[in-house]
Each structure stands twice: as structure tokens, then as C-alpha cells.
Amino acid sequence: MRACPISCTAVKQPFSTCSRKPKDVNQMTRGNPCQLPGMLPNYDPNDNEAGMKILEDLTENVEQIQQRVLEEIITRNARTDYLKGFLDGQFDKQVFKKTVPVVNYEDIKPYIERIANGDSSNIISAEPIIELLTSSGTSGGQPKMMPSTAEDLHRKTFFYNLLVPVMNKYVDGLDEGKAMYLLFVKPETKTPSGLMARPVLTSYYKSNNFQNRPFNRFNVYTSPDETILCSDSKQSMYCQLLCGLVQRQEVLRVGAVFASAFLRAIKFLEDNWKELCSNIRTGHVSDWITDPGCRKVVSLVLNKPKPELADLIEHECSSKSWEGIIKKLWPRTKYIEVIVTGSMAQYVSTLEYYSGGLPLVSTMYASSECYFGINFKPLSKPWDVSYTLIPNMAYFEFLPVKEKNEDGAQYVQCNGVCKENCMGKETEKEDVETVELVDVKLGQYYELVVTTFTGLYRYRVGDILMVTGFHNKAPQFRFVHRRNVVLSVDTDKTSEEDLLKAVTKAKVIVESLGILLIEYTSYADTSSIPGHYVLFWELTSKGNNHLPVLDPKIMEQCCSTVEESLDSVYRRCRRKDNSIGPLEIRVVQHGTFDALMDFCVSQGSSVNQYKTPRCIKSGEAINILDSRVVARFFSQKAPFWEPV
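Note that the structure is a prediction, hence the values are computed from the model and not measured.

Draft legend 1. Here's a closer look at the overall build of the protein chain. Looking only at helices and strands, the protein chain features 20 helices and 23 strands. Taken across its 644 residues, the protein chain has 58% of its residues classed as buried. In the protein chain, once contacts between residues fewer than 6 apart in sequence are set aside, the share between residues at least 24 apart is 70%. Roughly 26,600 Å² of accessible area belongs to the protein chain as shown, and the carbon and sulfur atoms make up 48% of that amount.

Draft legend 2. Representation of the packing of helix α11 (residues 259-282) against helix α15 (residues 348-355) in the model. Contact pair α11 / α15: the axes reach a minimum separation of 11 Å and the direction vectors enclose 45°. Considered as vectors, α11 and α15 are oriented oblique to each other. Where α11 crosses over α15, the two elements pack in a sense that is left-handed. Contacts between α11 and α15 involve Ala259, Phe262, Leu263, Ile266 and Glu270 from the first element and Thr350, Leu351 and Tyr354 from the second. Of the residues contributing to the contact of α11 with α15, the split by class is six nonpolar, one polar and one charged.

Draft legend 3. Structural context of empty space enclosed by the protein. All told, the structure shown has four cavities of 30 Å³ or more when counted by the stated rule. Here the largest cavity defines a volume of roughly 90 Å³. For the largest cavity, the full set of lining residues is Asp152, Arg155, Lys156, Glu369, Cys370, Tyr371, Met393, Thr452, Phe453 and Thr454. Considering each element in turn, the lining of the largest cavity owes the most residues, three residues, to helix α6 (residues 150-170). A per-class count over the lining of the largest cavity returns four nonpolar, two polar and four charged. Put simply, the second largest cavity is a space of about 60 Å³. Together, Tyr82, Ile108, Tyr111, Ile112, Ile124, Gly455, Leu456 and Tyr457 line the second largest cavity. With three residues, the single largest contributor to the lining of the second largest cavity is helix α5 (residues 105-116). When its residues are assigned to classes, the lining of the second largest cavity shows seven nonpolar, one polar and no charged.

Draft legend 4. Just helix α20 (residues 619-626), in detail. Looking only at α20, the buried set comprises Ala621, Ile622, Ile624 and Leu625. Buried residues in α20, looked at end-on, bunch into an arc of 155°, giving them a common side. Against the buried residues of α20 lie β20 (515-525), β21 (532-541), β22 (584-588), α19 (592-602) and β23 (629-634). Sitting at the amino-terminal end of α20 is Ser618, which places a side-chain oxygen 3.3 Å from the backbone nitrogen of Glu620.

Draft legend 5. Just the sheet that holds β21, in detail. Strand order across the open sheet formed by four strands is β20-β21-β22-β23, with mixed pairing between neighbours. At either margin of the open sheet sits one strand with a lone partner, and together these are β20 and β23. Strand-to-strand twist of the sheet, defined as the mean angle between neighbouring strand axes without regard to direction, takes the value 25°. Across ten bridges, the pairing between β20 and β21 is antiparallel.

Draft legend 6. Expanded view of the pairing of strand β7 (residues 335-339). Within β7, five of the five residues are buried, which leaves it mostly tucked inside the rest of the structure. Relative to β7, strand β6 (residues 251-258) runs parallel, the two being bridged by four bridges. Paired with Phe258 across the bridge in β7 is Ile339. Two elements, β7 and strand β8 (residues 360-361), share two bridges in a ladder whose sense is parallel. Bridge pairing in β8 links Glu337 to Val361. Each parallel crossover has a hand, and for β7 linked through α15 to β8 it is right-handed.

Draft legend 7. Up close: the packing of α11 against helix α13 (residues 307-317). Taken N-terminus to C-terminus, the directions of α11 and α13 make an angle of 165°; their axes are 8 Å apart at the nearest point. Considered as vectors, α11 and α13 are oriented roughly antiparallel to each other. The handedness of the crossing between α11 and α13 comes out as left-handed. Touching Trp273, Cys277, Ile280 and Arg281 of α11 are Pro307, Leu309, Ala310, Asp311, Ile313, Glu314 and Cys317, all from α13.

Criteria and cut-off values
- Residues numbered from 1 in each chain as written.
- Predicted model: local features only at pLDDT ≥ 70, side-chain atom pairs only at ≥ 80, totals over all residues.
- Heavy atoms only, no water.
- Helix = DSSP H or I, 4+ residues; strand = E, 2+ residues; numbered from the N terminus.
- Buried < 20%, exposed > 50% of the residue type's maximum accessible area, 1.4 Å probe, protein only.
- Contact = heavy atoms within 4.5 Å.
- Areas by Shrake-Rupley, 256 points an atom, 1.4 Å probe, with all protein chains shown as cover.
- Axes fitted to C-alpha atoms, helices over the stretch in contact; angles between N-to-C directions.
- Parallel < 35°, antiparallel > 145°, perpendicular 65-115°, else oblique.
- Left-handed = near helix turned anticlockwise from the far one by under 90°.
- Nonpolar A, V, L, I, M, F, W, Y, C, P; charged D, E, K, R; others polar.
- 1 Å grid on protein atoms, 1.4 Å probe; cavity = no way out; pocket = protein on both sides within 12 Å on 5 of 7 lines; lining within 4 Å.
- Points joined across faces, edges and corners; volume = space filled by probe spheres on them.
- Arc of directions from axis to C-beta.
- Polar contact = N/O pair within 3.5 Å; in protein donor to acceptor, adjacent residues only side chain to side chain.
- Pairing = 2+ DSSP bridges.
- Right-handed = clockwise from strand over helix to strand, strands pointing away.

Spelled out as C-alpha cells, the structure:
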């Protein structure tokens, strides 16, 4: 960030902003920090000490900052169509909390759709909405759309810059090399109003904030921007890996946004290392790389033939075992940076196999709605990761929840990381008032509610968090799980209701042949890359308890019907991104689900209240089901998908 030409006090009032207004919206995207409303301190991201000072100030003054954040949001947006109906011209915090309802996406969807269809941003935001960010959560089978403004790009840049001093506190010498981060853009579409609708990271990578970012010696990438911005995911992956291999001695850290994406890169490397070595040996990129930007920048990185480097990489990749391959190919690597919390926790063991003992680092907690928190102890084990919510990102509230299993005992959902059996357990919300950020209690569970600068007011994010501690006066939270999500392999989030609807459509096919679906459950199989959904079906012929003769074509049709019935994000991951493999149905022998019930009861479930879990996370339970499989069928075609 450049220094503000007008003095912005940053000592006694570290969260004040320059009062000068930009002449137009486009001016706001050129990176002048003094134009940023909303308590974003101006500092040089290369100044590690200044960054840590800002973090200390932010976490010491939580209550005051949250108060000012809400005041600014209300003052700016009180006259929007949405808020004026509740506030009636008042700007008081208590009036806001008393009259503005806590909402889900379905409550605000009509307003966002009106903006997508050409209505004014003033419906929900005083600042112009410049794009809509598509969420991995879904509504009616389609991605949710979240409003975004030009200033929000600056807020994200500020947030990213704060990650640097935290990592430098724990890892030395990060400015002495490069990061091999594998970053990708996703498909986008234009709404009837002309606004772009795209994922939040695609929005950021395509922004001036990313492409014209000031030099930061701690964030130098092996991937040229042209390879990141390539819309062909295969060409992008190939070129980024090629650049990373050529610069292997400069690489100090590797990673991607999600653990699943990084493992797909390792699988891609397994499938293509011979061709990559050939390119390095000859100094020429493969002819099938047709994107002109990629060809140009990769040719500059290749520069000339490097036969010795190609031989070295070939030697490592031709080994029978790829255990520790990351450390072998990039020997100076200090850690792997990927999100391994939430549904990504299922990939921890696979990452550890490939990593060679490198730490797995989850630096941040964010979503399409808002960027939330930073991991202040980045070298902690995946199951110990907690995030400190940064109080100037949004106004945060929390709905207390109780975590219960079938027999009423409290539990902690662990996404397969801990040793507990977390099967079919749901979150039960109490009908109570929200709690403010400074009032949350240690060890308690909450659902996150946010009010943002971009037009979301008291919006339920759907994340269940547990308070694990405090940094200064800022609470720290462990991500527990997404509300109602039972299956996830990549960015997909399939709820129990989504799964039921899909299975209901598929079972019609077998019912027409006199076959009944007695019971079913599921799990996300991530033992191979990409992972895929597995459904366990117990079938019987009408009129008897015998396993029917199954036509493979019919069962494959069932697999495809389930996939076609799942939401747009799943179908995109399956067809466009290739980040999810073909769905599988495993038919089990008669009585299998009775054995599953016996196991669950032996683990403490109540016989009277037992219901079949629709998603299985326990390895022991999966083994019980797998030991009784009599037939396996896979979807033979990718489901239909197109941007909408």
C-alpha cells in the first residue's frame, strides 16, 4: 500500500480513516488506502513490526471497534430499502438489534435477485455493488450470490497483508525465496444487469488489488499471474507445476487454498511428470499449451534446456513410493499452506503421507460473505487450529447452540480428525438472543451471524464454532462444522435434504422393476484423488427378503440420476473442475443396517431414539458396511452443468 498523502493518524486512533472521498468508484480500485472507509489502518506490508502492532491494537480494542463498525454500517446504509423499513430513520444499535431480524439466505435472496436483474444497489447497500460473489453453499440447487463493493477488495487486501507478520513470527527467512501456491480461477457468468457473478477468489485474482499489487518480498510466487488467470484449469495446473519445478530451489512454501486442490495437483503431477520433465529437458513447453499468456510466461521461466534438473525430477518421480515427495522435489520447503479445517480435515493423513513431515498450516477463516479470522498459531496441529476473529472486518454476533447426539448427550463434531465417532449428529439451535463478540463464553458453541459493509444484515453464515480461548480481548474459535452439511469432497456442500431428494429420484428407477430401497447411508471417500461420494444401499425384491438380481446398466443409471439431482456446485466440481470423481453405489447384503445400528448402540446411542445416520464418518462403521458389500456401481457420465 502507498502512503496516504493526507495524514491519517495511526497511533492514538489506529482505526481512523482519511476523510477524503474518491471522485468515482473506479478511483477506489487503484489502491489508495486513505480512500478506504471503515477502520483499515494504512501500513507497509513489508513492515513486519507495524503489522504485528496493528494486530495487537485490533485484538485489544475489540468492543470499541465492533461498536464503530456497526455505527458506520448503520449510518451509511440506514436509508437503503432494506434497513429503512426496520430502523424508521433511527441509527441506534439497540434499535438495530431489536428490529432487524436474523435472516437466512432465502430471506434476502429476493433483494439480491432484483439487483442481479438490474435494480439499484440502494435496495441493500449505499455503496455501489460491483459484482456478486457466488458461494459454495446453495439455494434451490444454485450457488448463493453475495453482494460485493469496490471497497471490499481493499478490505480483503488488508486482511491478506495481516497474514504475513503472523507467519514471520513463527517461520524465519520467508523473504529469501518464493511460494509455490497453486491458485485457480473458476467459471463466471454475467447477470442480466451486467454484473459479474463469480467465486470470491476468482473475483480477487481478477482484481487490480491482486494483479497490480505492490511488491511484497514475503509473497513472491513461482506462478506468473497469467498461469493463475488461465481459464483452462488443465493448462493452468500444468503451467503452474512446470514453473514450480523449474524454480524448485527457490521454493520455501507450497500450497493451495484447499487441501483437496493441493492433492489434486499432486495427482496431476503423478500423471504428467514425464511430460513435465521432457519440457524441462528440452526447454520448450508442450504444443497443447495453447493459451498465449501461459505460453509466453512459461517459455520465459523455462528459458533454456535443463537436462540435469529433468534427470533429478525424473529420479524422484519414478520411485515406487511417493511418500515425502513434496520435500524431495522442493527441498527448502518449510510448510504446506492449505485449509485443513472443516470438511478438509479428511485429507490430513494423505497430506502427511506426501509431505515428508512438513507442518500443515491453515492461516485464515473466510467465506464469500466476509473474511473472518486469522490463525495466530499457524504451526498448531490441524485438530488444534483456532481462528481469532478480526473485529474490523464486520459486525459479529453469535447464536448459542447445543451440540447433541441421538440420546441427548453433548458432543463435539470432529469431521473425522479426533478419535470420537461423529455419525449422524446434528446441531440443535436454541431459540435465544444473539451474543456479541466480546460476550461469548469459553467452551461454548455458537452459530456465526454477520453484518457486513456490503449489504448483509444479521445474516446467518451457517458455520458452527466453538470458543477455544482469547488473544488479548479477541475470542478465538475452532470451526466445528457447517450447519446441515453431511457430504463434502471439495467446495461442494451437500445437505441431508439434498441427498434425500437425489436418492428419492434414483430409487424410482429400481422401484419400477419391483425392487425396494430399504435403507441407505453415505460417506465421502477421499482415499483416492479426486474423492467421490459413496452411497450404501440395502435393496430387496418386493414380496420377499431376497437380494434381487441387479442389472448393471440400471444401477449405473441410478448413480447418474443421483448426480444429476445434486446441486450446481457439485455438478460443476464433477464436470468442469474434475475435483470430484464418479458417484458410487455399493449394494450391501440383507441385515447390514441392523449391524450398523448394533454398532451405534454399542457406542452409546439410544435404541429408542436411534435413526440411521445419513452420513458416516466413523472408520469402524464404514468397515462394517464395506464388509457386507455384494456389488459396486459407478456413474458412467458426468452430470450436466453450465454457468447460470
